[in-house]
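Breakdown of the fold
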Amino acid sequence: MGLFSKKQDIEEEEEEIEYVLFQGATNGKEANLEENQKLAAAGLPIAKEIVSEALAQRADLFKVEPQGPKALVTYYVDGIKRPGPRLPIQQANALVQILKLLSGGDIKVRDKPQRGGLNAKYRDLPFELTVKSRPAPPSKEAKGPAEQLTVVFRNTKTKRATPEDIGIPEVIKQKVRDYATSNAGIILVVGPPESGLTTTALCALRCVDSYMYQCFIIGNLGTRTVLNVPIFKQEEGHTLEHTFMRIQRNEGNLIYMAELTDPAVAKDVVKGSIDMCFMAEMYARDAADGIARFVELVGDPALAAEQLKLVISHKLIRKLCPKCKEAFRPNPKLLAQVGLPEETETLYRKARPVEPDEKTGELPEPCRACEGAGFRARSAVFEMIDITEDIKGIIAGGGDSAAIRQQAKVEKQLNCQKDALRLVLEGETGLDELQRVFSPPGGPRRKKKPARRRPPE
Ligand SMILES: [Zn+2]
């Protein structure tokens, strides 16, 4: 507490800009600024400036990527890129190094990925910054090893999310409860990186009554906790298999595994799931992709298919700004086309661009709540693949993610696109946003044409 506060006060008086206050690494490791005075002098001002600007813009994260003699700062607000400043490479290096130091990392190590946590305060709100660095591709201009940086923000004051808060549909909650209490099998929760996967996965865990069923967590969740679900400490020298057996002896019903990436761990989980239920989070584009990755980790399609019970996935979509969204009456053709009930009377869309004043030619002030973006904050939509006999057969037979996705569609299982219509009906988002999120890359429904041959010149 109070770290750098004196300097901040001076800066605030001079520039009247509110700066972030760094409050120490989440792992308790104190940054030795005495020993790194030069780095502190070069890195602290720019770190405070960039982090404060990101928070002022309500960014979910920002990235620093070296490009030749400069490094690009990019802010991501509601998942949309906003360009930040281009920094000289030396200054960018100082920025990366100081954030590594403040978040409990090792500044001498620059050739391996690192991950740390940093507590901060901005406008009286507490934030946790996840600081991730990794070596950048070598370049002549960089003069020594350069690193890429990603800093992810989490407002720790936001109350612990419940399945209801994030809108997990009833059908998914019920499936989770059914499988989680059956003392066998695996539930996977998947999503893309930086999409709030852990929040969704912990909400899935909170669907289970932890007073009726004894759940344990294995792995690191940072500062997050789940009521009545303790983290199970692995004894030194104990294998994972041994740890699972100890949990079983402690009458555990369910084990939650943070981030599944290691094939050996995945194999142990499959073995363990014969007489205990597991829930695990894993990075993947969607549920079908998650199944394919899991099969790859396990290395045995038949065994993976036998033990996997349910895969949940999410996507984030932008919510319309409540201050400036526009209501309109949709025509019946549009409703039929997107699959909304024909009696729907009102839908909402992003405010249309403001026209300049006829007399003065001046543009009116943009909406203050969203700075004219038309959107503010994001909401999750969900997808679920219940491993039915048919899907099990496809997985066991070595079917790819496209075959699994197709079968889930035939079985009319819940997908993100369908679930997103719920938010459209509630007026939370608009059809344009759905089109942006769910259109295949390269534009909506573009047919594959054979390459046109250029006429000879
Ligand atoms: Zn607005």
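Residues numbered from 1 in each chain as written. Predicted model: local features only at pLDDT ≥ 70, side-chain atom pairs only at ≥ 80, totals over all residues.

**Re the sheet that holds strand β12 (residues 308-320)**
The condition is simple: Only strands joined by at least two bridges in the DSSP assignment are considered to pair. Helix and strand definitions here come from DSSP, where helices need a minimum of 4 consecutive H or I residues and strands a minimum of 2 consecutive E residues; each element is numbered from the N-terminal end. Axes, fitted as lines to C-alpha atoms, cover a helix only where it is in contact. Angles between the N-to-C directions of the axes lie from 0 to 180 degrees. Once C-beta atoms have been placed from the backbone, residue pairs whose C-beta atoms lie within 7 Å are recorded as contacts.
Across the sheet, six strands lie side by side as β9-β10-β11-β8-β12-β15; this open sheet has mixed pairing. In the strand order of this sheet, the two ends are held by β9 (215-218) and β15 (375-386), each with one partner. In this sheet, neighbouring strand axes are inclined to one another by 20° on average, regardless of whether the strands run parallel or antiparallel. Of the strand pairs in this sheet, strand β8 (residues 186-191) and β12 are connected by five bridges, and their pairing is parallel. What sits directly across from isoleucine 187, in β12, is leucine 310. Here helix α8 (residues 287-298) sits on the sheet in contact with β8, β11 (277-283), β12 and β15, set at roughly 140° to β12.

**Here's the deal with helix α3 (residues 89-102)**
For the record, the criterion: By definition here, a helix of n residues has an expected span of 1.5 Å times n minus one. To assign burial, the other C-beta atoms lying within 10 Å of each residue's own C-beta are counted, with C-beta atoms placed from the backbone; 20 or more indicates buried, 12 or fewer indicates exposed, and intermediate counts indicate partly exposed.
The end-to-end C-alpha separation of α3 is 20 Å, in line with the 20 Å expected for 14 residues at 1.5 Å each. Counting buried positions over the 14 residues of α3 gives twelve, a clear majority of the element. Every buried residue of α3 is listed here: Ile89, Ala92, Asn93, Ala94, Leu95, Val96, Gln97, Ile98, Leu99, Lys100, Leu101 and Leu102. One or two positions beyond α3, positive phi appears at glycine 104, with a value near 85°.

**With respect to the nonpolar core**
Threshold: What makes a nonpolar core is a set of buried Ala, Val, Leu, Ile, Met, Phe, Trp, Tyr and Cys residues, with links drawn between C-beta atoms within 7 Å.
Residues Leu188, Met279, Ile291 and Ile385 are the most contacted members of the largest nonpolar core, which totals 70 residues. The leading source of residues in this core is α8, at seven residues. Beyond its immediate stretch of four places on either side in the chain, methionine 279 contacts Ala180, Ile187, Val189, Ala204, Leu205, Leu254 and Tyr256. With 39 residues, the next largest nonpolar core counts Val51, Leu55, Tyr75 and Ala94 among its residues.

**Overview of unusual backbone geometry**
Of note, aspartate 124 is a non-glycine position whose phi angle comes to about 65°, a positive value. Residue placement: aspartate 124 occurs in the loop between β5 (114-122) and β6 (125-135). Of note in the backbone geometry, glutamate 194 takes a positive phi value of approximately 55° without being a glycine. Checked against the element boundaries, glutamate 194 lands in the loop between β8 and α5 (197-206). C-beta crowding within 10 Å serves as the criterion here: with 17 such atoms nearby, glutamate 194 is assigned to the partly exposed category.

**Here's the deal with the sheet that holds strand β7 (residues 147-155)**
The antiparallel open sheet is built from seven strands, whose spatial order is β1-β5-β6-β7-β2-β3-β4. Only two strands of the sheet have a single partner each, and these edge strands are β1 (21-25) and β4 (80-88). With strand direction ignored, the average angle separating the axes of adjacent strands in the sheet is 25°. Sitting on the sheet, α3 is in contact with β1, β2 (61-67), β3 (70-77), β4, β5, β6 and β7, with an inclination near 110° to β4.

**Digging into the pairing of β15**
In terms of residue burial, β15 counts as a mostly covered element, since nine of its twelve residues are buried. Here β12 pairs with β15 via ten bridges, running antiparallel. Looking at β15, one finds that valine 311 is bridged to isoleucine 385.

**Examining the packing of α8 against helix α12 (residues 401-410)**
Defined as follows: In what follows, roughly perpendicular refers to angles from 65 to 115 degrees, roughly parallel to angles under 35, roughly antiparallel to angles over 145, and oblique to any angle outside these ranges. Should the near helix be turned counterclockwise from the far one by less than a right angle, the crossing is left-handed, whereas a clockwise turn marks it as right-handed. Residues are grouped as follows: Ala, Val, Leu, Ile, Met, Phe, Trp, Tyr, Cys and Pro are nonpolar; Asp, Glu, Lys and Arg are charged; all remaining types, including Gly, are polar.
Across the interface, α8 lies against α12 with an axial gap of 8 Å and an inter-helix angle of 135°. In terms of orientation, α8 lies oblique with respect to α12. As for how α8 packs across α12, the hand of that crossing is right-handed. On the side of α8, the interface is formed by Ala288, Asp289, Ile291 and Ala292, while α12 contributes Ser401, Ile404, Arg405 and Ala408. Taken together, the residues that form the contact of α8 with α12 break down as five nonpolar, one polar and two charged.

**Focus on the domain arrangement of the protein**
How we decide: Where each domain begins and ends follows an automated or database-derived domain assignment.
You can read the domains of the protein as domain 1 (5-155) and domain 2 (170-316 + 384-410). The C-alpha centroid of domain 2 is placed 34 Å from the C-alpha centroid of domain 1. The partner domain 2 presents four residues to the seven residues of domain 1 that form the contact. Residue classes in the side of domain 1 that touches domain 2 are distributed as two nonpolar, three polar and two charged.

**Brief notes about the environment of leucine 260**
Relative to the helices and strands, leucine 260 resides in the loop between β10 (254-257) and α7 (263-272). Residue class for leucine 260 comes out buried when judged on the 23 C-beta atoms lying within 10 Å of it. Linking leucine 260 and valine 190, residues 70 residues apart in sequence, is a C-alpha distance of 9.9 Å. Apart from residues lying up to four places away in sequence, leucine 260 is in contact with Val265, Ala266, Ala280, Glu281, Met282 and Leu297.

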